[in-house]
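Residue-level listing of the chains:
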Amino acid sequence: MIIQKTENSRISTFDPNNFSFGNTFIDHMIICEYENGKWGDVKLVPYGPLMFTPAMMGINYGQACFEGMKAYKDKDGQVFLFRPEKNFERINKSAKRLAMPEISEEMFLDGLKALVDIDRDWIPFGEGMSLYIRPLIFATEEALKARVANKYMFAIVATPAKSYYAEPVSVKISDHYSRAANGGVGFAKAAGNYAASFYPTQLAIEEGYEQIIWTDDSTHEYFEESGTMNVFVRINDTIYTPPTSEKILDGVTRDSFIQLAKRRGIEVKVEPVKVKEVIEAQKNGSLKEVWGVGTAVVTTVFQALGYNCEKFPLPRLSDEESYAVMLKNDLVGIQTNLEEDPFGWRVLVDHVLETV
């Protein structure tokens, strides 16, 4: 790895009590270029703009995918990653579907650890605090030709993070727009998936909702995802979540919630979730909770569901009654080294670059 440390660190300007998620970037980034059929050297360099043109193929033809993951700091200043091997597997799955070159585990994990290590001072400590990390691959060839590109870049950037949604949100169950279709790229973290979701979400916001629950493209009878999150439904004391498929992202947080729930002895059913059955459960009082999970948000509890021009309120459970809150606390406890890690999910980032 080629390492070029910044001569002008901005860490003195960073206030962990007052920053904007997604707009505040750490001092360094990882970049690696692909050309002539192979990846070059991984470089750790100062964060900043790169030279591309409007003819870059990633912009014009959408060959771009990414991951979302976090690093956490405990009370002793130790830094941990959470299940990074899952993100490595998924970024290559996305790259393959978009006809982009896959990256090696060494490129991904070594680059990730080096970046987090050198900029560990940027990781805020405290409840809901973390460093959000964005690995990405995109086509960089300058050519206006609708074909597979010949040049790419692998990069990793990061931004300090805090809690997303402090309060429960209302979500509209989509009866027209869909996030993905069979045979498409819904299972991949393709950049275009997110662009296509913005307009329907905007419409839902105009109707008084904060997010959407996406339904299947053919019948709109089944839950798929919610916004950029996987979705969970609790009816009585059983948790339901849709199975992953070509259309549903295999979320790391989703998988973690399922394993944590089973460890607590909670029944989890991974099966299709029918919209009408959820609405019926709301009407008869057996619907206890609906929530979304994802890396950035961890958990977002829903306070109401919008369906067929009606808004159906959900119970306001105490933290002690809520499975969503309980499982979130279990997860965060592992991520931040406050609780035992029986799964081996936590990965310590050593001080490997202290002398560089």
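Here, the structure is the one placed above.
Values in this document were obtained by computation on a predicted structure and should not be read as measured data. (Residues numbered from 1 in each chain as written. Predicted model: local features only at pLDDT ≥ 70, side-chain atom pairs only at ≥ 80, totals over all residues. Heavy atoms only, no water.)

**Examining the overall build of the protein**
(1) Moving on: If you tally the helices and strands in the protein, you get 7 helices and 19 strands.
(2) Moving on: Principal-axis analysis of the C-alpha atoms gives the protein an extent of 60 × 50 × 35 Å.
(3) Moving on: In the protein, which comprises 356 residues, the share counted as buried stands at 52%.
(4) Moving on: If you take every contact in the protein between residues at least 6 apart in sequence, the share linking residues at least 24 apart comes to 72%.
(5) Moving on: Here the protein displays about 16,800 Å² of accessible surface, and carbon together with sulfur accounts for 47% of that area.
(6) Moving on: With 38 positive and 50 negative side-chain charges, the protein shows a spacing of 3 Å between the two charge centroids. (Helix = DSSP H or I, 4+ residues; strand = E, 2+ residues; numbered from the N terminus. Buried < 20%, exposed > 50% of the residue type's maximum accessible area, 1.4 Å probe, protein only. Contact = heavy atoms within 4.5 Å. Areas by Shrake-Rupley, 256 points an atom, 1.4 Å probe, with all protein chains shown as cover. Lys, Arg positive; Asp, Glu negative; His and termini not counted. Charge placed at Lys NZ, Arg CZ, Asp CG, Glu CD.)

**Structural notes on the nonpolar core**
(1) Moving on: If you look at the biggest cluster of nonpolar residues, it comprises 44 residues, and the most contacted ones within it are Trp39, Ile103, Phe108, Ile133, Ile137 and Phe154.
(2) Moving on: Elements represented by at least two residues in this core include exactly β2 (28–35), β6 (69–73), β7 (79–82), α2 (84–97), α3 (105–118), β8 (130–139) and β9 (152–161).
(3) Moving on: Tallying contributions element by element places α3 first for this core, with 8 residues.
(4) Moving on: Beyond its immediate chain neighbours, meaning those up to four positions away, Ile103 contacts Trp39, Phe88, Ile91, Asn92, Phe108, Ile137 and Phe154.
(5) Moving on: Core analysis: the second largest hydrophobic core is formed by 23 residues, Val171, Ile279, Val290 and Leu314 among them. (Core = buried A, V, L, I, M, F, W, Y, C linked by side-chain atoms within 4.5 Å.)

**Considerations on helix α4 (residues 191–206)**
(1) Moving on: Between its first and last C-alpha atoms α4 spans 24 Å; for 16 residues at 1.5 Å apiece the expected length is 22 Å, and the two agree.
(2) Moving on: Buried within α4 are the following residues: Asn193, Tyr194, Ser197, Pro200, Thr201 and Ala204.
(3) Moving on: In the core, the buried residues of α4 are packed alongside β5 (64–66), β10 (169–173) and β11 (211–215).
(4) Moving on: Two residues or fewer past α4, Gly208 is found with a positive phi of approximately 100°. (Expected span 1.5 Å × (residues − 1).)

**Here's the deal with unusual backbone geometry**
(1) Moving on: Unusually for a residue other than glycine, His220 sits at a positive phi of about 55°.
(2) Moving on: Among the secondary structure elements, His220 is positioned in the loop between β11 and β12 (223–226).
(3) Moving on: The backbone of Asn337 shows a phi angle near 65°, a positive value even though the residue is not glycine.
(4) Moving on: Turning to its location among the elements, Asn337 is positioned in the loop between α7 (323–335) and β19 (346–348).

**A closer look at the pattern of salt bridges**
(1) Moving on: Scanning the entire structure with this criterion turns up 14 salt bridges.
(2) Moving on: Its salt-bridge partner being Arg179, residue Glu225 comes within 3.3 Å of it at the nearest N-O pair. Of this pair, Glu225 sits in strand β12 while Arg179 sits in the loop between β10 and α4, and the two are 46 residues apart along the sequence.
(3) Moving on: When the shortest N-O distance is used, the salt bridge between Asp237 and Arg234 registers 3.1 Å.
(4) Moving on: Within this structure, Asp217, Glu224 and Lys247 form a network of salt bridges that share partners. (Salt bridge = Lys/Arg side-chain N within 4 Å of Asp/Glu carboxyl O.)

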